Amino acid sequence: MQTGQKLQQMRKRAGLTQGELAGKMYVSRDLISKWETGERRPGYDYLVKIAEILSCDLCELTETDSLSEQELSSCFPEGFSEKKCSLEELFNSFLRTLPERECNVFIRRYYFFEDSAKIGRRYGISAGHVRMLLTRSRKKLTKFLTEAE
């Protein structure tokens, strides 16, 4: 099931109209409609807020692979190709460049698909700190992949 279909199903289960959900999110009802029909896709931050409003787990709204793909997709340079080695080899090489905790946080998010709050609890840091570490790691990944080309 697509993210939009899941969103619509969970919104209805929560007894909310598109307008009511839009009001709680400070977005237009039209945007909610576009998300539900698949015309547009909600970004990661919106998905987190939707999950909070609907009192559900983030993974219930979207496939974890597509969520991770959304977060990592901007790291790949325009026209990137895996000419020199496999993507797995590139990621393994990249992970070896990170400090241990940053590497562990990255793996927990993009391999085990854990959310920021759960990762934060594991390492005794806030979810915001986890998101900051992930943002920095994605920037490093972008630079790493650009240089690998």
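Residues numbered from 1 in each chain as written. Predicted model: local features only at pLDDT ≥ 70, side-chain atom pairs only at ≥ 80, totals over all residues. Heavy atoms only, no water.

With respect to the packing of aromatic side chains
For any two aromatic rings, the description comes down to two numbers: the centre-to-centre distance and the angle of the planes.
Line of reasoning, step 1. Enumeration over the complete set of coordinates arrives at 6 aromatic pairs.
Line of reasoning, step 2. With centroids separated by 5.1 Å and ring planes inclined at 55°, the aromatic side chains of Trp35 and Tyr46 adopt a geometry described as tilted. With Trp35 in helix H3 (residues 29–37) and Tyr46 in helix H4 (residues 44–53), the pair connects residues that are 11 residues apart, well separated along the chain.
Line of reasoning, step 3. Residue Trp35 is classed as buried on the basis of its relative accessible area of 3%.
Line of reasoning, step 4. Centre to centre, the rings of Phe94 and Phe106 are 5.6 Å apart; their planes meet at 65°, and the pair counts as edge-to-face. (Phe/Tyr/Trp six-rings, centres within 6.5 Å; stacked < 30°, edge-to-face > 60°. Helix = DSSP H or I, 4+ residues; strand = E, 2+ residues; numbered from the N terminus. Buried < 20%, exposed > 50% of the residue type's maximum accessible area, 1.4 Å probe, protein only.)

Quick notes on the confidence of the model for the protein chain
Line of reasoning, step 1. When pLDDT is averaged across the protein chain, the result is 86; 91% of the residues are at 70 or more.
Line of reasoning, step 2. Of all the helices and strands in the protein chain, helix H6 (residues 64–73) carries the lowest mean pLDDT, 68, while helix H2 (residues 18–25) carries the highest, 96. (pLDDT = per-residue confidence, 0-100.)

Section: the packing of helix H7 (residues 87–95) against helix H10 (residues 127–148)
Line of reasoning, step 1. Contact pair H7 / H10: the axes reach a minimum separation of 11 Å and the direction vectors enclose 125°. Regarding the angle of H7 to H10, the classification is oblique. Seen along the crossing, H7 lies across H10 with a hand that is right-handed. From H7, Leu90, Phe91, Ser93 and Phe94 reach across to H10, where they touch Ser137, Lys140, Leu141, Phe144, Leu145 and Ala148. (Axes fitted to C-alpha atoms, helices over the stretch in contact; angles between N-to-C directions. Parallel < 35°, antiparallel > 145°, perpendicular 65-115°, else oblique. Left-handed = near helix turned anticlockwise from the far one by under 90°. Contact = heavy atoms within 4.5 Å.)

A short note on the nonpolar core
Line of reasoning, step 1. Formed by 19 residues in total, the largest nonpolar core has its most connected members in Leu72, Phe106 and Leu141.
Line of reasoning, step 2. Every element with two or more residues in this core is listed here: H7, helix H8 (100–110) and H10.
Line of reasoning, step 3. Counting residues per element, this core draws most heavily on H10, which supplies 5 residues.
Line of reasoning, step 4. Leu72 has contacts with Phe91, Phe106, Tyr110, Arg138 and Leu141, leaving out every residue within four places of it along the chain.
Line of reasoning, step 5. Among the nonpolar cores identified, the runner-up in size contains 18 residues, and Met10, Ile50, Leu54 and Cys56 belong to it. (Core = buried A, V, L, I, M, F, W, Y, C linked by side-chain atoms within 4.5 Å.)

Some words on the pattern of salt bridges
Two side chains that carry opposite charge are able to pair once their charged atoms sit near each other.
Line of reasoning, step 1. For the structure shown, the criterion picks out 3 salt bridges.
Line of reasoning, step 2. Of the charged contacts in the structure, one is a salt bridge between Arg11 and Glu36, with a shortest N-O distance of 2.5 Å. Here Arg11 is found in helix H1 (residues 3–13), whereas its partner Glu36 is found in helix H3, with 25 residues between them in sequence. We note that Arg11, like Glu36, is buried. (Salt bridge = Lys/Arg side-chain N within 4 Å of Asp/Glu carboxyl O.)

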